Every structure is written in C-alpha cells, then in structure tokens.
Amino acid sequence: MKLYTTSGSMDFMEFLRNKYTNERMVVMHGVGNSVVLHETESKSVFQTPLSYEVIGSENPLKEEGFFAFNYMPVTDEGRPLFEHWTLRHIDSVSSQHGFIAYRILRPTKGDHYAILTQWTGRFFYEEWQRTPSYKTLMATEVKGTGLEAQPYLFTSAPYISTYKVKTDEE
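On a predicted model such as this, the values are computed, not experimentally measured, just so you know.

So, the environment of S95
Position of S95 relative to the elements: it lies in the loop between α2 (79-89) and β6 (99-107). At 3.0 Å, the side chain of S95 forms a polar contact with the backbone oxygen of S92.

Written out as structure tokens, the structure is:
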C-alpha cells in the first residue's frame, strides 16, 4: 500500500478530493495549509506528491477527527533498527481512548519517516502523548534503552505536524 500527500490551499485540496471521487482521500486542515492524503495500491493522482510506503497500519483512515504526523528523519544505516523498533512498539496506541487509525510510513525519497495517528479529537492525542507507551514509541524519556541511545539513527530532530478534518469555520 502507498500513501501520498500533497498540500496547498483549502479550496484546492477540496477541489482535488472532489475531482477524484473514486479514490480514497482525506482532506485535512492545519495552520497555514491544508493536506490531502491519498491511500492506494496504484500510482498517485497528484503531480508532485510526498510518497510513502505503508509498512504498518491499523484500521481504515476516516474523514473525521484529528491527525498527527510524527516525522522522524532516519539515517540510511538506521532504517532497519527504526522500522523494527517502531513496528514492535506501535500496537500500544490502538488501546488508547479516542484512537481511530495509524500508519507507519517509509519515505520513497528522502529520510523522513512518518508515524501518522488519527484520533476522534486533539484531546485524545494529547492524552496519549503523556503515556509511557508514547514515550517509548517516540523514544523520549527512556534514557539508554530507546532509539535515542543510537547516535547514528537520526539525521536531525523529529517534529510533529497536526491537522483536523473540519476547519474552525465549519
């Protein structure tokens, strides 16, 4: 399975989704931009997407709620360890209140893996961020035992982008 993203104005992202009604797409809105997710077995309909291979998933993505992308820039030599660690620790998220779906995304170009989680609302994502399972998965506050103990693993600091399906005006 592949997952493609493209970003732009809210109106253009809605236009893309309406143009390709037979494709599985989700439009999300963040601060300053909107994003369309396109999940498919075939090629993307976008001209210049960010492309990922889905290497782990649970549940279908829905056009509702709150999405968080945890981006992790991983070195080439660190990829096998990162994938093994992430796939081994991701299952704990599905037992959290408000959880809808997740995707572990391997970049087809570049070094930024993404851990995409979907929630019924921001509150539930923030609640999960305070749990030991989140800190283990994201390799924070697990000194000497997590991914941060591997100095060659990351090329720069991880970061998070968040989106919601409905805008504040809706």
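Topic: helix α1 (residues 10-19)
For α1, the full list of buried residues reads M13, E14 and L16. All buried residues of α1 lie within an arc of 155° about the axis, which places them on one face of the element. Seen from the buried face of α1, the exposed residues on the opposite side, beyond 90 degrees, are D11 and N18. If you follow the buried residues of α1, they end up packed against β1 (2-8), β2 (24-29) and β3 (34-40).

Here we look at the packing of aromatic side chains
Summed over the entire model, instances satisfying the criterion amount to 13 aromatic pairs. When the ring of W119 is compared with that of W128, the centres are 5.4 Å apart and the planes differ by 35°; the resulting orientation is tilted. Aromatic rings pair up to connect F66, F99, Y102, W119, Y125, W128 and Y134 into one cluster.

Remarks on the pattern of salt bridges
Taken as a whole, this structure holds eight salt bridges when the rule is applied. As a salt-bridge pair, R106 and E53 come within 2.9 Å of each other at their nearest N and O atoms. Placement of R106 in strand β6 and of E53 in strand β4 (residues 50-58) is noted, with a sequence separation of 53 residues between them. Overlapping salt bridges bring together E14, R17 and E63 as one network.

Looking at the confidence of the model for the protein chain
Averaged over every residue, the pLDDT of the protein chain is 88; the share at 70 or more is 89%. Overall, residues 140-145 carries pLDDT values under 50, and its contacts beyond four positions in sequence, including any with other chains, amount to eight contacts.

Rules used in this analysis
- Residues numbered from 1 in each chain as written.
- Predicted model: local features only at pLDDT ≥ 70, side-chain atom pairs only at ≥ 80, totals over all residues.
- Heavy atoms only, no water.
- Helix = DSSP H or I, 4+ residues; strand = E, 2+ residues; numbered from the N terminus.
- Polar contact = N/O pair within 3.5 Å; in protein donor to acceptor, adjacent residues only side chain to side chain.
- Buried < 20%, exposed > 50% of the residue type's maximum accessible area, 1.4 Å probe, protein only.
- Arc of directions from axis to C-beta.
- Contact = heavy atoms within 4.5 Å.
- Phe/Tyr/Trp six-rings, centres within 6.5 Å; stacked < 30°, edge-to-face > 60°.
- Salt bridge = Lys/Arg side-chain N within 4 Å of Asp/Glu carboxyl O.
- pLDDT = per-residue confidence, 0-100.

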